[in-house]
Amino acid sequence: MTIKLVEPKATAAGDRRRGERRLEFAHAWDYAPAPEAVDHVKILPRYELFIDGKWQAPEKGRYFDTLSPSTEQKLSEVAEASAEDVDRAVRAARHAYDRVWSRMKPLERGKYIFRIARIIQERSRELCIVESLDGGKPIKESRDFDVPTAAAHFFYYAGWADKLGYAFGGRPVSALGVAGQIIPWNFPLLMAAWKIAPALACGNTVVLKPAETTPLSAMFLAEIIQEAELPDGVVNIVTGAGATGAALVAHPDVNKVAFTGSTDVGKRIQKALAGTGKKLTLELGGKAANIVFADAPLDQAVDGIVNGIFFNQGHVCCAGSRLLLEESVHDLVIRKLRDRMATLRVGDPLDKNTDIGAINSRMQLEKIKELCAAGEAEGAERWSPPCELPAKGFFFAPTVFTGVAQSHRIAREEIFGPVLSVLTFRTEAEAVEKANNTFYGLSAGVWSNKGARLFKMATQLEAGVVWGNTYNKFDPSSPFGGYKESGFGREGGRQGLAAYLHVD
Ligand code: NAP
Ligand code: MG
């Protein structure tokens, strides 16, 4: 590795000179490739449906490919479940609920969930590679965040299984029955854990539908469930596209639907369920404001901004995609932010030094490009650090737009990519008004050195989660969910139990 500090040219203006020097310094670092070894991971050429504890072929015999978005190469093919297959899975779940799971002592149920958590830990080196290969996220995130947090959710809810009677002030509780669960592609294993762990702890059985572009970690989870000797039919996993999800929602013997995904599909599901009596929770999109006051620790804030929007390629429903800067520090923060962005490494998700991996699919990449073009056309100023993107695969450089107006599409619509829109404010009241000026309400961040201000802002922001002087922090004991068009119901914590129980 060579380290070279390039001195600034004497003629440039003071501020620009400092920025240039730091930029050149950043690019003088040359990281040698550090790819994660993958030879210990066995991905099968084909996966069937996981129904009633066994791998079962789909009735119509259809399969679809899952690709690595960083190489565009096929990794495997998975079964496409038809309505008949979904029916088979729901019947298996019902049978397991009636005969085994609802009759089992809660303490025993908890032991199975603990066992799943422990096997996830044991197989974590495989799981993180599968997650990065299939979804494109950097290995350091799947290794240090997705997989350990998934295990933590199973551990956390295993502990609740025999304490449900204490969860709601001593009120009696009972399970709902069969839960149909549909998850997106941005945190495939973690979303499966968020859904399955509380459902099982509360005594329900499950049919899970993973996203079309990222089914593989759910296939590994099915193997883990077999290894844990969970009774047959307690968890069933049906892969497929939107139609498979729609069949699960429509199935008359499903008692509860839990959906994480886009607001559009969420609305369709809500319409389909109206009047059916099925219980529903929706975790949908977001357009979070990350608000930085002039009195904030600015260097930490810059790292929080970077983490808030570039973490996981911005494929995060709660991403801090709108940066609200107090006007007096706008120029300073933008300069620091650009310097920091210039050090981010975009590339191979399996390289341990990669900060920003591949965009999940070509479709998502096109959507990001289209919204960025709209940002430029509407008059915002676009900037990305100089960075070479790999020739193959779906990649997008970290991008910041300054001079953004609230009416711009990039300030209103969810981009779901590594793209930040910057707005300014002068007073606390203006910051709150701008932050709340969105259909969404999933999360927000506030940066200030005044604790009282953080608490006051938290009560005024219409967001399910408000982070103070940090961003994108998760813990299984902390509830997560939305306001407004970001959905309803909570996942995580004691509150997350309510989604899977009748509370008398
Ligand atoms: P999506 O298109 O809504 O898909 C989510 C899931 O629903 C996928 O499994 C999808 O299958 C399935 N699906 C599609 N059409 C369906 C239908 N008519 N009925 C039932 N299921 C259907 O969302 P996405 O684009 O994959 O995910 C990104 C979105 O998820 C973003 O808007 C993001 O904000 C949101 N998200 C929210 C949270 C949260 O906690 N609030 C967390 C993560 C993501 P296919 O994959 O085959 O299309
Ligand atoms: Mg894939």
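Residues numbered from 1 in each chain as written. Chains lettered and ligands numbered in written order. Predicted model: local features only at pLDDT ≥ 70, side-chain atom pairs only at ≥ 80, totals over all residues. Heavy atoms only, no water.

1. Section: the overall build of the protein
This is how it is decided: Strands here are runs of E lasting at least two residues and helices are runs of H or I lasting at least four, both read from the DSSP assignment and numbered beginning at the N terminus. Values of the radius of gyration come from C-alpha atoms, whereas the globule rule sets the reference at 2.2 Å times the count of residues to the power 0.38. With a 1.4 Å probe rolled over the protein chains alone, any residue whose accessible area is under 20% of its type maximum counts as buried; one over 50% counts as exposed, and the rest are partly exposed. In what follows, residue pairs with any heavy atoms lying within 4.5 Å of each other are defined as contacts. Here the open area of atoms and residues is found with the Shrake-Rupley method and a 1.4 Å probe, where only the protein chains shown may cover a residue. Under the convention used here, Asp and Glu are negative, Lys and Arg are positive, and both His and the chain ends fall outside the count. We put the charge of a Lys on NZ, of an Arg on CZ, of an Asp on CG and of a Glu on CD.
Regarding its fold elements, the protein presents 15 helices and 20 strands. On C-alpha atoms alone, the protein measures out to a radius of gyration of 23 Å, which is about the 23 Å that the 2.2 N^0.38 rule sets for 504 residues. Along the first, second and third principal axes, the C-alpha atoms of the protein reach 80 × 50 × 40 Å. By the burial criterion, 57% of the 504 residues in the protein qualify as buried. When contacts within the protein are restricted to residue pairs at least 6 apart in sequence, long-range pairs at least 24 apart make up 75% of them. Of the roughly 20,300 Å² that the protein leaves accessible, carbon and sulfur atoms contribute 52%. Once the 62 positive and 61 negative side-chain charges of the protein are each reduced to a mean point, those two points are 3 Å apart.

2. So, helix 10 (residues 298-310)
Applied cut-off: One less than the residue count of a helix, multiplied by 1.5 Å, gives the span that helix is expected to have.
Taking 1.5 Å per residue, 13 residues should reach 18 Å; helix 10 reaches 18 Å between its end C-alpha atoms and fits that length. Positive phi shows up at Asn312, right after helix 10, with a value of about 55°.

3. Comments concerning the site of ligand 1
The test is simple: Whether a residue is near a molecule or strand depends on its heavy atoms: it is near if one of them lies within 4 Å of it. Contacts described as polar in this section are N or O atom pairs within 3.5 Å, which, within protein, must combine one atom able to donate a hydrogen with one able to accept it, while residues neighboring in sequence count only if both atoms come from side chains. By the convention adopted, Pro, Cys, Tyr, Trp, Phe, Met, Ile, Leu, Val and Ala count as nonpolar, Lys, Arg, Asp and Glu as charged, and the other residues, Gly among them, as polar.
The immediate surroundings of ligand 1 are formed by 29 residues, with Ile183, Glu212, Ser262, Leu284 and Glu414 found nearest. Interatomic distance of 3.5 Å between a backbone N/O atom of Ala246 and a nitrogen atom of ligand 1. At a separation of 2.6 Å, an oxygen atom of ligand 1 approaches a polar side-chain atom of Glu414. Calculation on ligand 1 without its partners gives an accessible area of 890 Å², and the protein chains cover 88% of this total. Secondary structure elements with two or more residues in the shell around ligand 1: helix 8 (242-250), strand 10 (256-260) and helix 9 (263-273). A class-by-class count of the residues in the shell around ligand 1 yields 16 nonpolar, eight polar and five charged.

4. Regarding the coordination of the magnesium ion (ligand 2)
Filter applied, for reference: Donor atoms are limited to N, O and S found within 2.8 Å of the metal ion, a distance that becomes 3.2 Å for Na, K and Ca. With water left out, some sites might look partial.
Of the protein atoms, only Thr66 (OG1), Leu67 (O), Asp134 (O), Asp134 (OD) and Thr213 (O) coordinate the magnesium ion (ligand 2), at distances of 2.2 to 2.7 Å. Along the chain, the residues donating to the magnesium ion (ligand 2) are arranged with the sequence spacing T-L-x66-D-x78-T. Separated by 68 residues along the polypeptide, Thr66 in strand 4 (residues 63-67) and Asp134 in helix 4 (residues 124-135) bring together distant segments of the chain. An identical accessibility class is assigned to Thr66 and Asp134; each is buried.

5. A word on the pattern of salt bridges
Basically, it comes down to this: Salt bridge criterion: a side-chain nitrogen from Lys or Arg within 4 Å of a carboxyl oxygen from Asp or Glu.
Taken as a whole and judged by the stated rule, the model has 36 salt bridges. Arg62 is the partner of Glu80 in a salt bridge, and the nearest nitrogen-oxygen pair spans 3.9 Å. Residue Glu80 is located in the loop between strand 5 (74-79) and helix 2 (83-101), and its partner Arg62 is located in the loop between strand 3 (54-56) and strand 4; the two are separated by 18 residues in the primary sequence. Across the pair Arg426 and Glu327 runs a salt bridge, and its minimum N-O distance is 3.0 Å. With Arg426 in the loop between strand 16 (419-425) and helix 14 (428-436) and Glu327 in the loop between strand 13 (322-326) and helix 11 (330-341), the pair connects residues that are 99 residues apart, well separated along the chain. Residue classification places Arg426 among the exposed positions, given a relative accessible area of 59%. Bridged by salt links that share partners, the residues Asp295, Glu428, Lys450, Arg453 and Lys456 form one connected network.

6. What to know about the nonpolar core
Heads up, the condition is: Nonpolar cores were defined as sets of buried Ala, Val, Leu, Ile, Met, Phe, Trp, Tyr and Cys residues, with membership established by side-chain atoms within 4.5 Å. Residue ranges assigned to the domains are those given by an automatic or database domain assignment.
If you look at the biggest cluster of nonpolar residues, it comprises 108 residues, and the most contacted ones within it are Leu200 and Leu337. Take this core: its biggest share by element is eleven residues, from helix 6 (residues 188-201). The residue makeup of this core includes at least three contributed by each of domain 1 (50-284 + 483-503) and domain 2 (286-468). Once you skip the residues sitting within four places of it in the chain, Leu337 turns out to touch Val302, Ile305, Val306, Leu323, Val400 and Leu420.

7. Observations concerning the packing of helix 10 against helix 11
The test is simple: Geometry is summarised by axes, namely lines fitted to C-alpha atoms with helices restricted to the contacting stretch, and by angles between N-to-C directions that run from 0 to 180 degrees. Geometric relationships in this document are graded by angle, where less than 35 degrees denotes roughly parallel, more than 145 denotes roughly antiparallel, 65 to 115 denotes roughly perpendicular, and other angles denote oblique. Crossings are classed by handedness, with left-handed meaning an anticlockwise turn of the near helix from the far one by less than a right angle and right-handed meaning a clockwise turn.
Viewed as axis vectors pointing N to C, helix 10 and helix 11 meet at an angle of 60°, and their least axial separation amounts to 10 Å. As the angle between them shows, helix 10 and helix 11 are arranged oblique. For the element pair helix 10 and helix 11, the recorded crossing hand is right-handed. Of the residues in helix 11, those in contact with Leu298, Asp299, Val302, Asp303, Ile305, Val306 and Phe310 of helix 10 are Leu332, Val333, Lys336, Leu337, Arg340 and Met341.

8. Some details on the sheet that holds strand 13
Heads up, the condition is: When DSSP finds two or more bridges between a pair of strands, those strands are recorded as paired.
Across the sheet, seven strands lie side by side as 14-15-16-13-12-17-18; this open sheet has mixed pairing. Each having just a single partner strand, strand 14 (381-383) and strand 18 (465-468) make up the two edges of the open sheet. Neighbour to neighbour, the strand axes of the sheet diverge by 20° on average, direction disregarded. Pairing between strand 17 (residues 443-447) and strand 18: four bridges, direction parallel. Along strand 18, the bridge assignment pairs Gly445 with Trp467. Across the sheet, helix 14 is in contact with strand 12 (289-292), strand 13 and strand 16; its angle to strand 13 comes to roughly 170°.

9. A look at the domain arrangement of the protein
Our working rule: Summed over both partners, the accessible area (1.4 Å probe) lost when two parts come together is defined as the buried area.
Each assigned domain of the protein is listed with its residue range as follows: domain 1 (50-284 + 483-503) and domain 2 (286-468). Here the C-alpha centroids of domain 1 and domain 2 sit 30 Å apart. Listed per partner, the contact involves 29 residues of domain 1 and 36 residues of domain 2. Carbon and sulfur atoms supply 55% of the area buried between domain 1 and domain 2, which totals about 2,700 Å² over both sides. Sorting the residues of domain 1 by area buried against domain 2 places Glu72, Trp185 and Lys484 first, and these three jointly supply 21% of that buried surface. Where domain 1 touches domain 2, the interface holds three salt bridges. A salt bridge links Lys484 to Glu462; the shortest N-O distance between them is 2.9 Å.

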